[in-house]
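As a plain string of letters, each chain reads:
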Amino acid sequence: MLIDYHTHHVRCGHAIGELEEYVQRGIQLGLSQLGLSDHLPLIHVDPATYYPEMAMPMEELPRYVEECLMLKEKYRDQISIRVGLEADYIEGYEEVIGKILDSYPFDYIIGSVHFLGEWDISDHRQTHNWEGKQVLDVYRQYYEAVQKAAATGFYDIAGHLDVIKRFGYIPEPEQAEERIALENAALQAVKKADMVMELNSSGLSKVCKEIFPSRRIVEQAIAWDIPLTLGSDAHDPRKLSDHLDEARALLTELGVQEVATFEHRQRTMVPLND
Ligand SMILES: [Zn+2]
Ligand SMILES: [Zn+2]
């Protein structure tokens with residue numbers, strides 16, 4: 001079954017295309033399931049003074065969910081739409097996040113760490129924050145946040161688990177052992193929370209030129225029986241499912257036969273290949 005569980009659209013401010021354009025593209029591509037998963041609105045920084053075009057305004061969230069539900073119904077005979085959200089983990093804001101997630105009938109929630117404090121580590125406008133820092137220290141902070149995110153129990157899917165490598169900041173080769181320990185501790189937290197891990201193919205077109213997460217992490221997740229799912233993180237309907245064939249090929253090579261899908265926050269495994 002062809003699935004794509006990670007997409008964005010025009011509401012977030014840095015993607016293009018209406019939700020319906022993603023749906024129509026998904027039908028064209030022959031997807032069985034399409035997950036709509038736009039960003040959680042900003043909650044810990046003031047959208048008026050922070051970097052612009054980060055996420056939809058809070059007042060748009062109900063309209064986003066309504067539109068997703070409308071499309072789910074409208075296209076039900078052609079494609080299975082799943083209504084999701086890519087929700088940040090922001091330390092100290094757990095109560096607010098939990099309340100928002102409980103307020104809507106989501107099929108699934110992707111848990112992603114983008115923010116270390118007020119620094120969005122996935123924003124190309126903010127890479128100056130790396131200056132003067134030890135790369136490994138930032139990795140430690142990032143993976144500790146991933147562990148805390150998993151421990152909240154808010155999330156179904158661990159999004160782009162090693163996105164901290166996105167702009168090519170990688171610890172020194174002699175620090176590999178500690179980097180691997182950090183990655184594995186985060187993976188263990190994902191397993192303990194009974195979450196699934198996403199293979200996010202967008203990394204292949206970023207500075208790091210590598211899938212999120214790395215092959216090593218994917219192999220470790222498989223060894224620990226962590227279920228996997230697939231997402232392209234498309235921010236343009238024309239790029240829907242870009243590079244997902246490579247993610248699927250990797251899973252096939254590693255002997256994976258099923259991927260995780262969700263409806264009403266319930267997980268169902270489906271065949272990776274028909
Ligand atoms: Zn985005
Ligand atoms: Zn993300």
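Conventions we followed
- Residues numbered from 1 in each chain as written.
- Chains lettered and ligands numbered in written order.
- Predicted model: local features only at pLDDT ≥ 70, side-chain atom pairs only at ≥ 80, totals over all residues.
- Heavy atoms only, no water.
- Helix = DSSP H or I, 4+ residues; strand = E, 2+ residues; numbered from the N terminus.
- Contact = heavy atoms within 4.5 Å.
- Areas by Shrake-Rupley, 256 points an atom, 1.4 Å probe, with all protein chains shown as cover.
- Lys, Arg positive; Asp, Glu negative; His and termini not counted.
- Charge placed at Lys NZ, Arg CZ, Asp CG, Glu CD.
- Axes fitted to C-alpha atoms, helices over the stretch in contact; angles between N-to-C directions.
- Parallel < 35°, antiparallel > 145°, perpendicular 65-115°, else oblique.
- Nonpolar A, V, L, I, M, F, W, Y, C, P; charged D, E, K, R; others polar.
- Donors = N, O, S within 2.8 Å, 3.2 Å for Na, K, Ca; no water.
- Buried < 20%, exposed > 50% of the residue type's maximum accessible area, 1.4 Å probe, protein only.
- UniProt positions renumbered as here; feature names shortened; annotations may be inferred.
- Phe/Tyr/Trp six-rings, centres within 6.5 Å; stacked < 30°, edge-to-face > 60°.
- Core = buried A, V, L, I, M, F, W, Y, C linked by side-chain atoms within 4.5 Å.
- Pairing = 2+ DSSP bridges.

**Focus: the overall build of the protein chain**
Step number 1: The number of helices and strands found in the protein chain is 7 helices and 11 strands.
Step number 2: The dimensions of the protein chain, computed from C-alpha atoms along their principal axes, are 55 × 50 × 30 Å.
Step number 3: Considering only intrachain contacts with a sequence separation of at least 6, the fraction spanning at least 24 residues in the protein chain is 75%.
Step number 4: Of the roughly 12,100 Å² of accessible surface on the protein chain, 48% is carried by carbon and sulfur atoms.
Step number 5: Charged side chains in the protein chain number 26 positive and 47 negative. The centres of these two groups are separated by 2 Å.

**A short note on the packing of helix α4 (residues 135-152) against helix α5 (residues 176-192)**
Step number 1: Remark: α4 packs on α5, axes separated minimally by 8 Å, with the N-to-C direction vectors making an angle of 10 degrees. On the basis of the axis angle, α4 is roughly parallel to α5. Side by side, α4 and α5 meet where Leu136, Tyr139, Arg140, Tyr143, Val146, Gln147 and Ala150 of the first sit next to Glu178, Arg179, Leu182, Glu183, Ala185, Ala186, Ala189 and Val190 of the second.
Step number 2: Class assignment for the residues of the contact of α4 with α5 results in 10 nonpolar, 1 polar and 4 charged.

**Some details on the coordination of the zinc ion (ligand 1)**
Step number 1: Looking at the zinc ion (ligand 1), one finds its protein donor set to be His14 (NE2), His39 (NE2) and His235 (NE2), positioned 2.0 to 2.1 Å from the metal centre.
Step number 2: Along the chain, the residues that donate to the zinc ion (ligand 1) are spaced as H-x24-H-x195-H.
Step number 3: Between the zinc ion (ligand 1) and the zinc ion (ligand 2), the interatomic distance is 5.8 Å. Highlighted residues: His14 in the loop between β1 (3-4) and α1 (19-29) and His235 in the loop between β9 (228-231) and α7 (244-253), separated in sequence by 221 residues.
Step number 4: Look at His235 and you get partly exposed, because its relative accessible area is 24%.

**Focus: the UniProt feature "domain: PHP" (unreviewed entry) in the protein chain**
Step number 1: Per the UniProt record, "domain: PHP" (unreviewed entry) is found at residues 4-202.
Step number 2: In the segment residues 4-202, helix accounts for 35% and strand for 15%; the C-alpha atoms at its two ends are 12 Å apart.

**So, the packing of aromatic side chains**
Step number 1: Applying the stated rule across the entire model yields 9 aromatic pairs.
Step number 2: The interplanar angle of 45 degrees and the centroid separation of 4.7 Å between the aromatic rings of Tyr5 and Tyr108 together place this pair among those described as tilted. Of the two residues, Tyr5 sits in the loop between β1 and α1 while Tyr108 sits in strand β4 (residues 108-112), which places them 103 residues apart along the sequence. Pair check on accessibility: Tyr5 and Tyr108 agree, each one buried.
Step number 3: Geometrically, the ring pair formed by Tyr50 and Tyr51 is edge-to-face, given 5.3 Å between the ring centres and 80 degrees between the ring planes.
Step number 4: Classification of Tyr50 as buried rests on a relative accessible area of 11%.
Step number 5: Here a set of aromatic residues connected by ring pairs shows up, and it is made of Tyr50, Tyr51 and Phe115.

**Observations concerning the coordination of the zinc ion (ligand 2)**
Step number 1: Coordination of the zinc ion (ligand 2) by the protein involves Glu86 (OE), His114 (NE2) and His160 (NE2), with metal-donor separations of 2.1 to 2.2 Å.
Step number 2: Spacing between the donor residues of the zinc ion (ligand 2) along their common chain follows E-x27-H-x45-H.
Step number 3: Residue class for His160 comes out buried when judged on its relative accessible area of 3%.

**Description of the nonpolar core**
Step number 1: Counting residues in hydrophobic clusters, the biggest one holds 92 residues, and the most contacted among them are Tyr155, Met197 and Leu199.
Step number 2: In terms of residue count, α4 provides more of this core than any other element does, 9 residues in total.

**Comments concerning the sheet that holds β1**
The strands making up a sheet associate through backbone hydrogen bonding, with each pair oriented either parallel or antiparallel.
Step number 1: With parallel pairing, 7 strands are arranged side by side in an open sheet as β1-β2-β3-β4-β7-β8-β9. Strands with a single pairing partner mark the edges of an open sheet, and in this sheet they are β1 and β9.
Step number 2: Bridging between strand β2 (residues 33-36) and strand β3 (residues 80-88) involves 4 bridges; their strand directions are parallel. Its bridge partner lying in β3, Gly35 is registered against Arg82.

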